[in-house]
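# Reading the structure
What follows is the residue order along each chain.
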Amino acid sequence: MLKRITVFAVASLTATASALACTSLIAAPGATADGSSLITYAADSHSLYGELYSTPAQDHKKGAMRKVYDWDSGKYLGEIPQPKHTYATIGNMNEHGLAISESTWGGREELADTTGIIDYGSLIYITLERAKTAREAIKVMTDLVKEYGYASGGESFSIADGKEAWIMEMIGKGGKSKGAVWVARRIPEGMISGHANHARIHTFPLNDPETLYSPDVIDFARSQGYFDGKDEDFDFSRAYAITDFGALRGCDARVWSFFKKQGADMDAYLPWITKGEGEPMPLWVKPAKPLSVRDMQWAMRDHFEDTPFDMTNDIGAGPFKVPYRWRPMTFTVDSVTYTHERAIATQQTAFTFVAQLRDEVPAEMKGVLWFGVDDTNTCVYVPMYCCVTEVPHCYAPGNGDMLNLSWDAAFWVHNYVANQAYNRYSQMIPDIRRVQNSLEDSMESGVKEIESKTLAMNAADRRKALSGFSHEWAERSTKEFKQLGDYLFVKFLDGNIKRETAPGQFQLTPEGQCASPEFGGYSDEYFRSVANDAGERLKVTEPAFNK
């Protein structure tokens, strides 16, 4: 039987918080409004800079080698032979409309392999250079780690093209033998899925063309003492991952919230999320309605609103209903350990995207990477077409970094806006939403117009027009968000709220001076908590001689 590991501790919650703790959501064709595949990503890290990577298409001479560097640390791992030709990439998408995202779950520590030379990040970008379709990507990825070894811990990957969306989960063998064990499942038509730092594939069919797996995925688990039941009862997640409090409440809960917000009946899985009881969440569910790109963008902005884990409904949200909590994730009071919620939207995101992957369109528009930087909640998702070969300056590597501010870098501009809102969220978020929605609504309309306009063009002209469109909106949105940050700084200066005659038009006195501002104060809940804590000291009483 399966040797179940459900140890309720907080170790993985803390470990995940210090690593690249990411979220990826998936909507397969049939579950999307336009028939595309949609996958999302938030690269959540406290030290990763938000920028857009790119590599050109290239022909390589025989014997050419590619150096491999660990994506997280930059450590040199080794080199591998280049194929005859590699494809152009823009971010986590290539010129053929193939996209790959990930989330790290670590898994059993003894399975870490220090001898491998392909880490999970390099695996993604090398594969995008070599594969055209999702199925081909799975073969390239698994062949690479089989040949060169896998240098990372447990990982989940979303892999999609215009026809199919897959989830693949992989973990190394601890140097006991080269390569990795893995399972990949195609998300059925009309279904949505997701992963968020915990292995999501449990049992799986052993004779199904829509399920692929390494030949030794079960036998290796047996050899290590992780499983001793019948093959058909094998559970990948329980064999190779660590299912503790952090894996459920800090990880699976994010996917649970996505499913619930899309209309699935998820209340039956609350015991799994909160106590590790009952059946695990399903790998996929059917949404109440087909999802659009905008729906997936808003799914990435989730803070558990309107669920039992809503981050605005406890004292930790403060007087301005802030749906964020600073690290560390856990804290101890009177020898009892507590946790903050870990939502999809989080402050330490470097970059994020919604990849829209289509089949029956010209090659130059098969993939649209709706790309943003910083917090998914306050970012602007900008359409970057798969034919883009030059990165816009606002997203360009080298335009600022985590230690050097650049005012024309989108990452710093979006942080300028978001970090002001973290202090006075309920007061500032309406202004942020106004600008954010205006930009994203305009880009959504603009995409329809530019695509309709370019359909009659030849490939070269279409590529030029679509690339120009992407560049224009990247720079425009960055400029407008810089203006938004300046506006917020002025409007909310010193805890006040300047009066306006219209958004951005501050009220003046008849003499042309700044009108007296509003005093926003605090919420009733905050005043009550202050009264309960220090009421006797702060109570207003009349002097005795006035009585």
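From a predicted model like this one, the values you see are computed outputs, not experimental measurements. Sequence order as written defines the numbering, with residues in each chain counted from 1. Residues qualify for local features only when their pLDDT is at least 70, as the model is predicted, and side-chain atom pairs are given and counted only at 80 or more; totals for whole chains, interfaces and linings, by contrast, use all residues. The basis for the side-chain values is all heavy atoms of the structure; hydrogens and waters are excluded.

## Focus on unusual backbone geometry
Glycine aside, residues mostly have negative phi angles, and peptide bonds mostly take the trans form. That bond from arginine 327 to proline 328 is cis: its omega, 5°, falls within 30 degrees of zero. Its identity is not glycine, yet phenylalanine 304 carries a phi of approximately 65°, on the positive side. Within the secondary structure layout, phenylalanine 304 lies in the loop between helix 8 (293–299) and strand 17 (330–333). A simple rule labels every residue: compare its accessible area, found with a 1.4 Å probe on the protein chains alone, to the largest value its type can have, and call it buried under 20%, exposed over 50%, or partly exposed in between. You can call phenylalanine 304 buried: its relative accessible area is 0%. Even without a glycine there, the phi angle at serine 335 is positive, about 70°. Segments assigned H or I by DSSP are reported as helices when at least four residues long, segments assigned E as strands when at least two residues long, and all are numbered from the N terminus.

## Quick look at the packing of aromatic side chains
Classification of ring pairs rests on two measures: the distance between centres of Phe, Tyr or Trp rings, Trp counted by its six-membered ring, which must be within 6.5 Å, and the angle between planes, read as stacked under 30 degrees, edge-to-face over 60 and tilted in between. A full pass over the atoms with the stated rule returns 33 aromatic pairs. Taking 5.8 Å as the distance between ring centres and 65° as the angle between the ring planes, the aromatic pair formed by tyrosine 41 and phenylalanine 351 counts as edge-to-face. Of the two residues, tyrosine 41 sits in strand 2 (residues 37–44) while phenylalanine 351 sits in strand 19 (residues 349–357), which places them 310 residues apart along the sequence. With a centroid separation of 4.6 Å and 55° between ring planes, the pair formed by tyrosine 324 and tyrosine 422 is classed as tilted. Remark: tyrosine 422 occurs in the loop between helix 9 (410–421) and helix 10 (425–454) and tyrosine 324 occurs in the loop between helix 8 and strand 17; sequence separation between them is 98 residues. Among the residues examined, tyrosine 324 registers a relative accessible area of 4% and is labelled buried. Our definition puts a charge over a ring when NZ of Lys or CZ of Arg is within 6 Å of the ring centre and also within 35 degrees of the ring normal. Lying over the aromatic face of phenylalanine 220, lysine 173 brings its terminal NZ or CZ to 6.0 Å of the ring centre. Over the ring of tryptophan 407 we find lysine 482; its NZ or CZ atom is 4.9 Å from the centre of that ring.

## What about the packing of helix 2 (residues 120–130) against helix 3 (residues 134–148)?
Each axis is a line fitted through C-alpha atoms, taken for helices only over the stretch in contact, and angles between the N-to-C directions span 0 to 180 degrees. For the pair helix 2 and helix 3, interaxial distance at closest approach is 9 Å and the crossing angle is 125°. With respect to helix 3, the element helix 2 is oriented oblique. For helix 2 against helix 3, the interelement crossing comes out right-handed. Residues Leu123, Ile126, Thr127 and Arg130 of helix 2 lie in contact with helix 3, whose contacting residues are Glu136, Ala137, Val140, Met141, Leu144 and Val145. Residue composition of the contact of helix 2 with helix 3, by class: 7 nonpolar, 1 polar and 2 charged. Should an angle fall under 35 degrees it is called roughly parallel, over 145 degrees roughly antiparallel, and 65 to 115 degrees roughly perpendicular, with every other angle called oblique. Put simply, a crossing is left-handed when the front helix is turned counterclockwise from the back one by less than a right angle, and right-handed when it is turned clockwise. A contact between two residues is defined here by any heavy atoms of the two lying within 4.5 Å. Under the convention adopted here, Pro, Cys and the residues Ala, Val, Leu, Ile, Met, Phe, Trp and Tyr are nonpolar, Asp, Glu, Lys and Arg are charged, and Gly plus all remaining residues are polar.

## Some remarks on the environment of tyrosine 87
With respect to the helices, strands and loops of the structure, tyrosine 87 is situated in the loop between strand 7 (85–86) and strand 8 (89–90). With 42 residues separating them along the chain, tyrosine 87 and glutamate 129 place their C-alpha atoms 4.6 Å apart. Ignoring any residue separated from it by four or fewer positions in sequence, one finds tyrosine 87 in contact with Thr55, Pro56, Ala57, Asn94, Glu95, His96, Leu128, Glu129, Arg130, Ala131 and Lys132.

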